[in-house]
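An overview of the molecular structure
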Amino acid sequence: MKKENTLLINSFKKSLIASCQPIPKGPLDSSSFVLASAKASIVGGAKALRIEGFKNLEIIKKNINIPVIGIKKRNLKKYPIIITPLLSDVERLSILGAEIIAFDATLRNRPVSSLKLIEKIHSYKKIAMADCSNIKDAIEAIENGADIISTTLSGYTNDKVVPKNPDFKFLNQLIKKFKIPIIAEGRFNTPALFKKAIKSGAHAVVIGTALNRI
């Protein structure tokens, strides 16, 4: 990884990453709200952002100068993969300025392999963040060259009821097993849970619903 990317990742170590994603088609689903939410999060101490969609990313990069994790969500008919499933998504997010690109790295039926997505991300000199659901996902993502692993999809890849609490068991597995930065994401919705994740060794914690879904 180039030095600039290492410094960028270290710039939000032990901090909060604000995921500014309002409910789709809800009353707050507008780029102006996403920008306002991002600015308010920065005032509150956020050191990086997670932004969904090309339009939202464009307005964020024009107005804010902190690291951004860019994603594109799609509902594909033939595949369960939602987060950044296509190479064209990686290309657009890269061109629009996302320093980090996150993608679904689960071992499910997908339109493009994780390896090809990571190679595409790296071709633009960007940081590849693998959103995983379990340790098997993470192992393959790292073998394919992922720079960051996150717990984003734990609890969201089956037909069972989504757990109420964060998956600390998975988080701790990742922290103990791998040397690369591990980001805690998924139901971390109180200051106490944030603090516990950081104390456990998480590089940073993504907070979304607790900030944006009133």
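You'll find the structure just up there.
Residues numbered from 1 in each chain as written. Predicted model: local features only at pLDDT ≥ 70, side-chain atom pairs only at ≥ 80, totals over all residues. Heavy atoms only, no water.

Turning our eyes to something else, we now look at the sheet that holds strand β8 (residues 204–207). Strand pairing within a sheet occurs via backbone hydrogen bonds; the two strands may be parallel or antiparallel. Taken in spatial order, the eight strands line up as β1-β2-β3-β4-β5-β6-β7-β8 and close into a barrel, and their pairing is parallel. When the angles between neighbouring strand axes are averaged without regard to direction, this sheet yields 25 degrees. By the bridge criterion, four bridges tie strand β1 (residues 15–19) to β8 in an arrangement that is parallel. Bridge assignment links I17 to a residue of β8, and that residue is V206. Set on the sheet, helix α8 (residues 191–200) makes contact with β1, β7 (182–185) and β8; between it and β8 the angle comes to about 155 degrees. (Pairing = 2+ DSSP bridges. Helix = DSSP H or I, 4+ residues; strand = E, 2+ residues; numbered from the N terminus. Axes fitted to C-alpha atoms, helices over the stretch in contact; angles between N-to-C directions. Contact = heavy atoms within 4.5 Å.)

Counted by the stated rule, this structure contains seven salt bridges. Taking the shortest distance from any N to any O, the salt bridge between E99 and K61 comes out at 2.6 Å. With E99 in the loop between α4 (87–95) and β4 (100–104) and K61 in helix α3 (residues 54–63), the pair connects residues that are 38 residues apart, well separated along the chain. Residue R108 is joined to D104 by a salt bridge in which the shortest nitrogen-to-oxygen separation is 2.7 Å. When its relative accessible area of 2% is taken as the criterion, D104 is described as buried. (Salt bridge = Lys/Arg side-chain N within 4 Å of Asp/Glu carboxyl O. Buried < 20%, exposed > 50% of the residue type's maximum accessible area, 1.4 Å probe, protein only.)

This paragraph deals with the environment of E143. Secondary-structure assignment places E143 in helix α6 (residues 135–143). Separated by 43 residues in sequence, E143 and G186 place their C-alpha atoms 23 Å apart.

The subject of this paragraph is α3. Among all positions in α3, only F54, N56, L57 and I60 are buried. The arc that holds the buried residues of α3, viewed along the axis, is 160 degrees, so those residues lie on one side. The exposed set on the far side of α3, more than 90 degrees from its buried face, consists of K55 and K62. (Arc of directions from axis to C-beta.)

Considering the arrangement of structural elements, one finds R110 in the loop between β4 and α5 (114–123). A polar contact of 2.5 Å, which involves the side chain of R110, links it to the backbone oxygen of D104. Among the polar contacts listed, one links the side chain of R110 to the backbone oxygen of V112, at a separation of 2.8 Å. Those residues in contact with R110 that sit more than four places away from it in its chain are Y79, I81, F103, D104, A105 and L117. (Polar contact = N/O pair within 3.5 Å; in protein donor to acceptor, adjacent residues only side chain to side chain.)

Under the criterion given, the structure shown has one aromatic pair. Across the ring face of F168, the terminal group of K196 is positioned such that the distance to the ring centre comes to 4.3 Å. (Phe/Tyr/Trp six-rings, centres within 6.5 Å; stacked < 30°, edge-to-face > 60°. Lys NZ or Arg CZ within 6 Å of the ring centre and 35° of its normal.)

Side chains V68 and G70 of strand β3 (residues 68–71) all project onto a buried face; the interleaved residues I69 and I71 project onto the opposite face, where all are buried too. Remark: the strand β2 (residues 48–52)/α3/β3 crossover connection has right-handed handedness. In the sheet, β3 pairs with β4 via two bridges, with the strands oriented parallel. When the sheet's bridge partners are listed, G70 is paired in β4 with I101. For the segment spanning β3, α4 and β4, crossover handedness is right-handed. (Right-handed = clockwise from strand over helix to strand, strands pointing away.)

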